[in-house]
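Residue-level structure breakdown
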Amino acid sequence: MLLLIDLSGVSDVDRHVADQLFLLISGLKLIGIKASLSGLRPEMARTSIHIGVDFKGVNVYSSIERALKFLL
């Protein structure tokens, strides 16, 4: 099973938001759901890296259109 989490409406990612996303994705993985992220803008990605959040193993797409094209 797949779940696409679209972040295009999120204006900023702080440590709390990034940690909660990581916990959500980890929890979903435990029940057999592979989560992917879309709409992650470059500045959000830089912030995540800067605060030490590692989305290794998570597919990340720049837009929902690209994610759907790849996943379907």
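Criteria and thresholds
- Residues numbered from 1 in each chain as written.
- Predicted model: local features only at pLDDT ≥ 70, side-chain atom pairs only at ≥ 80, totals over all residues.
- Heavy atoms only, no water.
- Helix = DSSP H or I, 4+ residues; strand = E, 2+ residues; numbered from the N terminus.
- Rg over C-alpha atoms; globule rule 2.2 N^0.38 Å.
- Buried < 20%, exposed > 50% of the residue type's maximum accessible area, 1.4 Å probe, protein only.
- Pairing = 2+ DSSP bridges.
- Right-handed = clockwise from strand over helix to strand, strands pointing away.

What follows deals with the overall build of the protein chain. The number of helices and strands found in the protein chain is three helices and three strands. Secondary structure of the protein chain in N-to-C order comes out as β-α-β-α-β-α. Here the protein chain has a C-alpha radius of gyration of 12 Å; the compact-globule value for 72 residues is 11 Å, and the two agree. If one aligns the C-alpha atoms of the protein chain with their principal axes, the spans along those axes are about 30 × 25 × 20 Å. Counting across all 72 residues of the protein chain, residues that qualify as buried make up 31%.

As paired elements, strand β1 (residues 2-6) and strand β2 (residues 34-38) share five bridges and run parallel to each other. Considered in β2, the bridge of D6 is made with S38. Considered for its hand, the β-α-β crossover made up of β1, helix α1 (residues 15-30) and β2 is right-handed.

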